[in-house]
Amino acid sequence: MKQGLFITGTDTGVGKTLVAAALASFLKKEGVDVGVMRPVESGCRRQEGRLVPQDALFLREAAGCADNLDLINPYRLEAPLAPSLAAEREGVEIDLGKLIECFQAIKEKHDFILVEGAGGLLVPLREGYFISDLAQVFQLPLLIVAASRLGVINHTLLTVRYAQSLTIKVAGVILNNPEEEDSASGSNSSLLQQLLDVPLLGVIPFTTQFREFKKEGLTDLIKEWINLAALAGTPE
Ligand SMILES: Nc1ncnc2c1ncn2[C@@H]1O[C@H](COP(=O)(O)OP(=O)(O)O)[C@@H](O)[C@H]1O
Ligand SMILES: [Mg+2]
């Protein structure tokens, strides 16, 4: 994992931002100069006429970097819809060249880059272009965050296998509990462990502390629940 990671998920609301922010905060504490990117963020709130990209802001805070928000998050959209739909509705043209330029600029400035996608791999960014295409162009290993709910085995295997079919490297899967844990949580992780041919890097429990974005405790989350040795062993 020399260059960075592209963080995707089995769905929206699974904990991608929490995991990305925790990794950013952990690496920063370890002395790594981390850059972050949230290429397109939809569902932004409007405050005093401006759209506020909550994920991008939280990632920047966690990484402790001072990059311009327009570099970290070149496209922010108001409608809580797939980016292609929100962009169409809001008359925004998502320019792939611009996304790549911003990515390169962040990569050059920092030792390590963490990119949070939007939703899952087949979320459309614009006509004929999906998050998976961005992961391919950025050439970063994928870190898949899966929410431990009914359906997680199917969603995780579909995501891993689709990535592999595109020859995108998969660094591993993190099983997260963004809602109060149900009794199936333990069995989900053991079944995933059996069925995955990529590392299950950790299981994050539901914690009231992480119901909302806050910086405190992020570093400990990684130390306590993530197998860093397995993650660090990921080839570039
Ligand atoms: N392990 C957890 N315990 C408690 N709350 C969590 C946990 N993981 C995520 N959450 C909360 O769930 C919501 C969705 O998480 P988020 O990281 O924003 O997901 P995504 O980026 O995949 O949309 C956020 O409010 C977050 O604070
Ligand atoms: Mg997010």
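Just above, that's the structure.
The present account deals with the structure reproduced in this document. (Residues numbered from 1 in each chain as written. Chains lettered and ligands numbered in written order. Predicted model: local features only at pLDDT ≥ 70, side-chain atom pairs only at ≥ 80, totals over all residues. Heavy atoms only, no water.)

## Notes on the overall build of the chain
We apply this condition: Helix and strand assignments come from DSSP, with helices taken as H or I runs of at least 4 residues and strands as E runs of at least 2, each series counted from the N terminus. Two things to know: the radius of gyration comes from C-alpha atoms, and the globule rule equals 2.2 Å times the number of residues to the power 0.38. In this scheme, a residue with accessible area under 20% of its type's maximum is buried, one over 50% is exposed, and one in between is partly exposed, where area comes from a 1.4 Å probe on protein chains only.
Each helix and strand counted, the chain has 10 helices and 12 strands in total. For 236 residues, the compact-globule estimate of 2.2 N^0.38 gives 18 Å, and the C-alpha radius of gyration of the chain, at 17 Å, lies within 12% of that figure. Viewed in the frame of its principal axes, the chain has a C-alpha envelope of about 45 × 35 × 35 Å. The buried share of the chain, reckoned over its 236 residues, is 53%.

## Some remarks on the packing of helix H1 (residues 16-29) against helix H9 (residues 218-225)
Note the cut-off: Here an axis means a line fitted to C-alpha atoms, over the contact stretch when the element is a helix, while the angle between two N-to-C directions is reported on a 0 to 180 degree scale. Working rule for angles: under 35 degrees goes down as roughly parallel, over 145 as roughly antiparallel, 65 to 115 as roughly perpendicular, anything else as oblique. In this description, contact between two residues means that some pair of their heavy atoms is separated by no more than 4.5 Å. When residues are sorted by character, Ala, Val, Leu, Ile, Met, Phe, Trp, Tyr, Cys and Pro go into the nonpolar class, Asp, Glu, Lys and Arg into the charged class, and all the rest, Gly among them, into the polar class.
Their axes nearest at 7 Å, the elements H1 and H9 cross at an angle of 95°. Judged by the angle between their axes, H1 and H9 are roughly perpendicular. Judged by residue contacts, Leu-18, Val-19, Ala-21, Ala-22, Leu-23, Ser-25, Phe-26 and Lys-29 of H1 engage Leu-218, Thr-219, Leu-221, Ile-222 and Lys-223 from H9. The class makeup of the residues in the contact of H1 with H9 is nine nonpolar, two polar and two charged.

## Regarding a positive patch on the surface
Rules: Only residues whose relative accessible area exceeds 30% and that take part in no salt bridge are eligible for patches, with like-charged residues grouped when within 9 Å of each other and nonpolar side chains (Val, Leu, Ile, Met, Phe, Trp, Tyr) grouped when within 5 Å. For the accessible areas, the method is Shrake-Rupley and the probe is 1.4 Å, while residue cover comes only from the protein chains on display. Each salt bridge in this description consists of a side-chain nitrogen of Lys or Arg and a carboxyl oxygen of Asp or Glu lying within 4 Å of one another. His residues and chain termini do not enter the charge count, which takes Lys and Arg as positive and Asp and Glu as negative. Charged side chains are reduced to one point each, which is NZ for Lys, CZ for Arg, CG for Asp and CD for Glu.
Residues Lys-28, Lys-29, Lys-215 and Lys-223 make up a contiguous surface patch of positive charge. One can find Lys-223 in helix H9.

## Remarks on the nonpolar core
This is how it is decided: As used here, the term nonpolar core means buried Ala, Val, Leu, Ile, Met, Phe, Trp, Tyr and Cys residues forming a set that is joined through side-chain atoms within 4.5 Å.
Ranked by size, the top nonpolar core spans 44 residues in total, and within it Phe-6, Val-115, Phe-138, Leu-142, Val-173 and Leu-196 carry the most contacts. When residues of this core are traced back to their parent elements, those giving at least two are helix H4 (83-89), helix H5 (96-109), strand E7 (112-116), helix H6 (131-138), strand E10 (142-147), helix H7 (152-165) and strand E11 (170-176). For Leu-196, the residues in contact, after removing those within four places along its chain, are Thr-156, Leu-157, Val-160 and Val-173. Core analysis: the second largest hydrophobic core is formed by 37 residues, Ala-24, Leu-59, Leu-143 and Leu-218 among them.

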